[in-house]
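Architecture at a glance
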Amino acid sequence: MQLAKLRYHDFYNDYEYVDPKGLINDIPSIFILKKVALTIMKLFYGRNNNLTQIGLFKEWTHRLPSHYVYCLDYVVSRVNTDIRSISFIDNHAALSLVDLVLANYNDLPNVDSISVDQEERLFKAYMYCVQRWNDKQEDGIKEISKEESPAEYMLCSQFFLKEGLAFRDSSLQIVKSIYFFEFCEKEEVFAEYLRLFLNEVNVDSWRSYLKGILSLYGIHLFSTYLDRGVLLNVDEQWGDNIDFIDSLTLDVDNYRSTEDLLMLREFPLIKVDPGVYLILSMIYFVDKLYQGIQFDFARVLVKNKAEFKGNVIKSKPAFFEIFGREAEQFLFYKALERCFESTNCVKIRGDRFSQQGVDGGPDYYIRRHKTIFIFEFKNTYVASQYKLSTDINTIKDSILSKFCYDDGKKKVGVPQIVRVVKKLSNSEFNREDLDTYNLEGINVYPILVYVDPSLDTPGVNHLLNYEFNKRVQSENIGPSIMIKDLTLININSFIEFQDLFYRKVVRLDENIDNYIKMGRKSINIYTKYASFSDHLPVSVSNKKFNTYAVRDFIVKHLYKDVN
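Quantities reported herein were computed from a predicted structural model and do not represent experimental measurements.

What follows deals with the overall build of the chain. Looking only at helices and strands, the chain has 25 helices and 15 strands in total. Here the chain, with 563 residues, has 55% of them falling under the buried criterion. Relative to all contacts within the chain whose residues are 6 or more apart in sequence, the contacts with residues 24 or more apart total 76%. On the chain, roughly 25,400 Å² of surface is accessible, and the fraction owed to carbon and sulfur atoms is 47%.

Below is the structure:
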């Protein structure tokens, strides 16, 4: 499937010398930002299909001359079995327009409407951003043959887009936050951090703090599409908790434009009036819910000169390093234990392997009869400048350096999993204090669990599975066990579908088997190289799924007493 993209050249012939700043300098910046933000939100919550794209185009051009519609009709006429999707609104191109406005921000008073001439110039500025992004994408993939290297083609063309277009469920971010605060309550050092934090934000409990945040995100969590807006109204009841929102709010006077839109990622809000904030990007805003709490927490610890193992935490990055190491405890373990709580099987956490003197054990081990799951958890992200690259070698190197690293001494990601599989095949885990099993006929499912949404991109699993199988073959692991292909799973999949796993409506091994089979037999490259986390929702769509299970979890943990 290919996209029929609307391009600048479909409407204008002056791309080489047009000044995009001059097109918008007399239009109130706040007006443009509100219009683009609302468009982005409609794309975020609406179905990104041809009807949505055509509808958004008509919203932008309904007052403009008729030749604009004729151009659209021409593109629509090209939509056939080879080109089935239209692209007018592109999330990155829209954010590029936001970037252009912020870099040239004016203080003109906001208005309810602008002139037809201004609307036409605004449309032209957006199409300029579309063309610039299209050119960059096409320059990166022109050397890749979709027929000869379909996985690389998918990876190169969609690596950045996957992160920018994938829907984010804010409820999952709240669940992660609950996991974090529950962990703080139980761990001595973090319990002291939590006490400092609650004193600083002036609330009686972390539940009260999360309820305050939920009051902001709640309209996007519990309401219908038509109820959602791009403005947040923060009233006085927030009090000291306004620090959370301010930590996500952009300082327009100090805005710096970068290719990777770094400042927009870090600060997805802008203050437009006292107590009123505009959501510049709903995707980045949802992403920052969980991250924003971390920043708020880190800010308090740095301010209060909190210590970790006798050393003062002097900066936010210093805390994030500590936080990242502990994520395995409060996020990964909690998610898996909930999913497999009711399953009659052997479950061994990674810390238990260490306690029993086993070096190089898995992060989590589950055995049910003749099936063994080996989990490796990676709480790390590919840097944004690599996500933005459209050079396939740069993209592959950035992924491999994070998730497939082996310098002979340190093994990270895929090499770690291979080492675990080898130890398993050598019966190093076959002990009374761990698990006793007969290796003959064992099916081993190696799984890498990640947090970075860009790894949902089609082709990533294919790339790392190739590296996995290459290393497995070089280790000459005995034939008594059946080693399945490596499967990458987003931690959000375990959180979102915990109800199905818990009730045993869905079995992980069956879904992985189907996923592997689909990858080998499908002739559609979007299906063949899809991520497991994109495959799973389709696979379970016909199951009796409590769609409110995650929200029920939130209500139970925030609004009722929890023992």
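A few words now on the packing of helix H8 (residues 170-186) against helix H25 (residues 549-559). Interaxial distance between H8 and H25 falls to 10 Å at its minimum, and their mutual angle equals 40 degrees. Pair H8 / H25 crosses with left-handed handedness. Taking contact as the criterion, the partners of Ser171, Leu172, Ile174, Val175, Ile178, Tyr179 and Glu182 in H8 are, on H25, Val550, Phe553, Ile554, His557 and Leu558. Tallied by class, the residues present in the contact of H8 with H25 amount to nine nonpolar, two polar and one charged.

Turning our attention to the packing of aromatic side chains. Following the criterion strictly, the structure yields 45 aromatic pairs and no others. With a centroid separation of 6.1 Å and an interplanar angle of 45 degrees, the aromatic rings of phenylalanine 11 and tyrosine 12 are classed as tilted. This pair shows no difference in class: phenylalanine 11 is buried, exactly as tyrosine 12 is. With a centroid separation of 5.6 Å and an interplanar angle of 15 degrees, the aromatic rings of phenylalanine 181 and tryptophan 206 are classed as stacked. Of the two residues, phenylalanine 181 sits in helix H8 while tryptophan 206 sits in helix H10 (residues 206-222), which places them 25 residues apart along the sequence. Residue classification places phenylalanine 181 among the buried positions, given a relative accessible area of 0%.

This brings us to helix H18 (residues 414-425). In this model, H18 (12 residues) spans 17 Å end to end at C-alpha, consistent with the 16 Å of a helix rising 1.5 Å per residue. The buried fraction of H18 amounts to 10 of the 12 residues, a majority that puts the element mostly inside the structure. Residues of H18 that are buried: Val414, Pro415, Gln416, Ile417, Val418, Val420, Val421, Lys423, Leu424 and Ser425. Serine 427 sits one or two residues past H18 and shows a positive phi near 65 degrees.

Our focus in this paragraph is the packing of helix H3 (residues 50-61) against helix H4 (residues 67-77). Axis separation between H3 and H4 bottoms out at 11 Å; the angle between their running directions is 165 degrees. As the angle between them shows, H3 and H4 are arranged roughly antiparallel. The two elements H3 and H4 meet at a crossing, and its hand is right-handed. Listed contacts from H4 to Ile54, Phe57 and Thr61 of H3 are Tyr68, Val69, Leu72 and Val76. Of the residues contributing to the contact of H3 with H4, the split by class is six nonpolar, one polar and no charged.

A separate point is the nonpolar core. Counting 148 residues, the largest nonpolar core has Phe375 and Leu508 as its most contacted members. With 12 residues, the top contributor of residues to this core is helix H13 (residues 282-303). Not counting residues within four places of it along the chain, the set of residues in contact with phenylalanine 375 comprises Phe332, Leu336, Phe340, Pro362, Asp363, Tyr364, Ile366, Ile447, Val449, Phe494 and Leu508. Residues Val358, Ile399, Tyr437 and Ile477 belong to the second largest nonpolar core, which totals 40 residues.

At lysine 305, a residue that is not glycine, the phi angle is positive and equals roughly 55 degrees. With respect to the helices, strands and loops of the structure, lysine 305 is situated in the loop between H13 and strand E6 (307-308). Although it is not a glycine, histidine 369 adopts a positive phi angle of roughly 55 degrees. A relative accessible area of 57% places histidine 369 in the exposed class.

Next up on the list: the side chain of serine 398. By the element assignment, serine 398 lies in helix H17 (residues 392-403). Since its relative accessible area comes to 5%, serine 398 is described here as buried.

It is a general feature of regular strands that their side chains alternate between the two faces of the sheet. Across the nine residues that make up strand E13 (residues 442-450), a large majority, eight, are buried. Pairing analysis gives eight bridges linking strand E10 (residues 371-378) to E13, with the strands arranged parallel. Note that in E13 the partner of threonine 371 across the bridge is asparagine 443. Across three bridges, the pairing between E13 and strand E14 (residues 481-483) is parallel. By the bridge assignment for E14, isoleucine 442 is matched with isoleucine 481. Here E13 pairs with strand E15 (residues 487-490) via four bridges, running parallel. Counterpart to leucine 448 in the pairing with E15 is leucine 488.

This part is about empty space enclosed by the protein. Scanning all chains against the criterion turns up four cavities of 30 Å³ or more. One number sums up the size of the largest cavity: a volume of about 50 Å³. Taken together, Lys5, Ser87, Phe88, Asp90, Ala93, Val130, Trp133 and Asn134 make up the lining of the largest cavity. Here the lining of the largest cavity gets three residues from one element, more than from any other, and that element is helix H6 (residues 116-141). Tallied by class, residues from the lining of the largest cavity come to four nonpolar, two polar and two charged.

In a beta sheet, neighbouring strands are held together by backbone hydrogen bonds and run either parallel or antiparallel to one another. The strand order across the open sheet built from three strands is E3-E5-E4, with neighbouring strands paired in antiparallel fashion. Across the chains shown, the open sheet's two edge strands, defined by having one partner strand only, are strand E3 (231-233) and strand E4 (269-273). Each adjacent strand pair in this sheet contributes to an overall mean axis angle of 35 degrees, direction not counted. Sheet topology places E4 next to strand E5 (residues 276-279); four bridges connect them, and they run antiparallel. Looking across to E5, one finds that aspartate 273 is bridged to valine 276.

What counts, and at which threshold
- Residues numbered from 1 in each chain as written.
- Predicted model: local features only at pLDDT ≥ 70, side-chain atom pairs only at ≥ 80, totals over all residues.
- Heavy atoms only, no water.
- Helix = DSSP H or I, 4+ residues; strand = E, 2+ residues; numbered from the N terminus.
- Buried < 20%, exposed > 50% of the residue type's maximum accessible area, 1.4 Å probe, protein only.
- Contact = heavy atoms within 4.5 Å.
- Areas by Shrake-Rupley, 256 points an atom, 1.4 Å probe, with all protein chains shown as cover.
- Axes fitted to C-alpha atoms, helices over the stretch in contact; angles between N-to-C directions.
- Left-handed = near helix turned anticlockwise from the far one by under 90°.
- Nonpolar A, V, L, I, M, F, W, Y, C, P; charged D, E, K, R; others polar.
- Phe/Tyr/Trp six-rings, centres within 6.5 Å; stacked < 30°, edge-to-face > 60°.
- Expected span 1.5 Å × (residues − 1).
- Parallel < 35°, antiparallel > 145°, perpendicular 65-115°, else oblique.
- Core = buried A, V, L, I, M, F, W, Y, C linked by side-chain atoms within 4.5 Å.
- Pairing = 2+ DSSP bridges.
- 1 Å grid on protein atoms, 1.4 Å probe; cavity = no way out; pocket = protein on both sides within 12 Å on 5 of 7 lines; lining within 4 Å.
- Points joined across faces, edges and corners; volume = space filled by probe spheres on them.

Shape descriptors only; they carry no functional weight alone.
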